[in-house]
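The chain contents come next:
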Amino acid sequence: MNTTSDLKVVYFPSCINRSMGKNSFQNSDDLQLTALTHQLLVRAGFTIIYPKSMNSHCCGMPFSSKGFAEANHTQSEVLEKSLLEASENGKYPVLYDMSPCFQHSKEEFSSTLQIVDPIEFMLDYVMPHLTIKNKKETVAVFPVCSVKKIGKMDQLLALSQLCSNQVTLIDSNCCGFAGDRGFLIPELNEHGLRELKAQIPTDCNEGYSTSRTCEIGLENRSGIDFKSIFYLVDEVTR
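Here's a quick rundown of the structure. Note that the structure is predicted; figures quoted are calculated from it, not measured. (Residues numbered from 1 in each chain as written. Predicted model: local features only at pLDDT ≥ 70, side-chain atom pairs only at ≥ 80, totals over all residues. Heavy atoms only, no water.)

The subject of this paragraph is the overall build of the protein. A count of helical and extended segments in the protein gives 13 helices and eight strands. In terms of C-alpha radius of gyration, the protein reaches 17 Å, essentially the compact-globule figure of 18 Å for 238 residues. Along the first, second and third principal axes, the C-alpha atoms of the protein reach 50 × 45 × 35 Å. Scored against the burial criterion, the 238 residues of the protein give a buried share of 51%. Across the protein, the fraction of contacts at a sequence separation of at least 24, relative to all contacts at a separation of at least 6, is 72%. Just so you have it, the protein exposes about 11,000 Å², and 50% of that area is on carbon and sulfur atoms. If you average the places of the 22 positive and of the 28 negative side-chain charges in the protein, the two averages end up 2 Å apart. (Helix = DSSP H or I, 4+ residues; strand = E, 2+ residues; numbered from the N terminus. Rg over C-alpha atoms; globule rule 2.2 N^0.38 Å. Buried < 20%, exposed > 50% of the residue type's maximum accessible area, 1.4 Å probe, protein only. Contact = heavy atoms within 4.5 Å. Areas by Shrake-Rupley, 256 points an atom, 1.4 Å probe, with all protein chains shown as cover. Lys, Arg positive; Asp, Glu negative; His and termini not counted. Charge placed at Lys NZ, Arg CZ, Asp CG, Glu CD.)

Rendered as structure tokens:
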């Protein structure tokens, strides 16, 4: 695995992370995820390349999940073309900041683009260039469905254990948010996370994951702060 690639990376912020704000537990001066990711990558020594017309891009999953196959393929093809251009035909890795978007593009793309999921990128590309200074005592970590499907459970645990002395990996078949369905049918989320609170240690008030909508449901059902694991990496290495 090439872990340097001249320390250049194409960063594709998912449309949901571009459009949604911070969670209710975060301070007013905390950075939004896209800005925090930019700062973290720069601190690790990366030069960041953004795809052209970034705000018009989407992986296509929101269309696919609602049965709009043609719109999904169109969005995916446009994104793939843009990422090929930005990465100079695959010369540089492409960072995704949401596991579900990564999994969707991995299944849709036909080229040899080197797209990298958020867990692998932090663990193999970013952490070797940073020093852990403020390891957390205890955190909860939720592996979203796509993390299980792409086989990144061990890497998620390894990344979390680099950043915290005690890691509670939440055991759940699915959080029930199911993309954006948790907004419309909160009962799905309520059922999916019915055993969540019992799994979180009493001294744990921070949780991390790799999907924004799942984190919204986790925050609502647990009563503790749940956000991207990029925040954890940033905080312990500053």
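So, next bit.
Read from one edge of the open sheet, four strands run β6-β5-β7-β8, paired in parallel fashion. Of all the strands in the sheet, the pair left with one neighbour each is β6 (164–169) and β8 (225–228). When the angles between neighbouring strand axes are averaged without regard to direction, this sheet yields 35°. As paired strands, strand β5 (residues 136–141) and β6 are joined by five bridges and run parallel to one another. (Pairing = 2+ DSSP bridges. Axes fitted to C-alpha atoms, helices over the stretch in contact; angles between N-to-C directions.)

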